[in-house]
Amino acid sequence: MMRTRIVLGAAVLVGALPAWAVAQAGALDPGTTGPAWSPYLVGALIGLLSMFTFYFSDKPLGASTAYAQVAGLIGQVVARRHTDSLHFYAEKKEPKIGWEVALVVGIVVGAFLAAWTGGEITARWLPPMWAARFGESVWLRLAVGFAGGGLMAFGARMAGGCTSGHGISGALQLSVGSWIALAGFFVGGIITAMLLFYT
């Protein structure tokens, strides 16, 4: 029990500290409006983060499993028999709040701390680039964000991992499937951005 608590606490810290530290670096990146770390330094830190994740949890770094675990917990409340019959939960393990969920919580906390300490909180619902292209409808922005998140979650389950699982952990292990998935992430992201903002 104590080891589980230590792992959960470490996962929250591992998720939060890198994001929060971005605001503390003091080196300006031309693509941002406030303090930010060099992308090379951040890349090196993500590599270290992945190694620590393997060391402490004996599992690859990833975030999409957290959403599957939370969905499983909700499913057990509203439709337990159906949820328990699903292949994912029957084959892997019963849904629970594990280190993956703690990592996602840490990422959200760290992102908030980074924005707050870096003076990046604007209380603005719409980024200027979005408003210039699609207007001032907050509902449209929320609908597109929700639909995009749903498609990404579906894709992560279909691919057996998300950008963290394949693009970081899998690529660092030189997995051919992860390198193919990583290329697909970039190609898909570029095409989507061009369709949204440059057509």
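A few points on the structure. This is a predicted model, so every value here is computed, not measured.

Moving on, we get to the pattern of salt bridges. On inspection of all chains with the given rule, the structure shows one salt bridge. Note that Arg80 and Asp84 form a salt bridge whose closest N and O atoms lie 3.6 Å from each other. Here Asp84 and Arg80 lie together in helix 4 (residues 80-85), a separation of four residues that amounts to about one turn. On the accessibility criterion, Arg80 (43% relative accessible area) is partly exposed.

A cluster of nonpolar side chains, contributed by Leu48, Met51, Phe52, Tyr55 and Phe56, occupies part of the molecular surface with about 600 Å² of accessible area. Mapping Phe52 onto the fold places it in helix 2 (residues 39-57).

A separate point is unusual backbone geometry. A positive phi angle, near 60°, is found at Leu174, a position not held by glycine. Residue placement: Leu174 occurs in the loop between helix 9 (163-172) and helix 10 (176-197). Here Leu174 falls in the exposed class, since its relative accessible area comes to 65%.

In terms of nonpolar packing, the biggest core is built from six residues, these being Ala63, Ala66, Val101, Val104, Ala156 and Cys162. If we ignore the near neighbours within four places in the chain, the residues touching Ala63 are Val104, Cys162 and Ser164.

Taken as a whole, this structure holds one aromatic pair when the rule is applied. Note on Trp130 and Phe134: the rings are 4.4 Å apart at their centroids and 40° apart in plane angle, and the pair reads as tilted. Here the residue Trp130 and the residue Phe134 both occupy positions in helix 7 (residues 128-134), the gap between them amounting to four residues, near one helical turn. Looking at Arg141, its charged tip hangs above the ring of Trp130, at a distance of 5.0 Å from the centre.

Looking now at the packing of helix 9 against helix 10. The contact between helix 9 and helix 10 brings their axes to 9 Å, and the two run at 130°. By the angle between their axes, helix 9 is oblique relative to helix 10. Read as a crossing pair, helix 9 and helix 10 show a hand that is left-handed. Taken together, the residues of helix 10 that come into contact with helix 9 (itself represented by Thr163, His166, Gly167, Gly170 and Ala171) are Ser178, Trp179, Ala181, Leu182 and Phe185. Its residues assigned to classes, the contact of helix 9 with helix 10 shows five nonpolar, five polar and no charged.

How each quantity is defined
Residues numbered from 1 in each chain as written. Predicted model: local features only at pLDDT ≥ 70, side-chain atom pairs only at ≥ 80, totals over all residues. Heavy atoms only, no water. Salt bridge = Lys/Arg side-chain N within 4 Å of Asp/Glu carboxyl O. Helix = DSSP H or I, 4+ residues; strand = E, 2+ residues; numbered from the N terminus. Buried < 20%, exposed > 50% of the residue type's maximum accessible area, 1.4 Å probe, protein only. Patch = residues over 30% accessible without salt bridge, like charges linked within 9 Å, V, L, I, M, F, W, Y side chains within 5 Å. Areas by Shrake-Rupley, 256 points an atom, 1.4 Å probe, with all protein chains shown as cover. Core = buried A, V, L, I, M, F, W, Y, C linked by side-chain atoms within 4.5 Å. Contact = heavy atoms within 4.5 Å. Phe/Tyr/Trp six-rings, centres within 6.5 Å; stacked < 30°, edge-to-face > 60°. Lys NZ or Arg CZ within 6 Å of the ring centre and 35° of its normal. Axes fitted to C-alpha atoms, helices over the stretch in contact; angles between N-to-C directions. Parallel < 35°, antiparallel > 145°, perpendicular 65-115°, else oblique. Left-handed = near helix turned anticlockwise from the far one by under 90°. Nonpolar A, V, L, I, M, F, W, Y, C, P; charged D, E, K, R; others polar.

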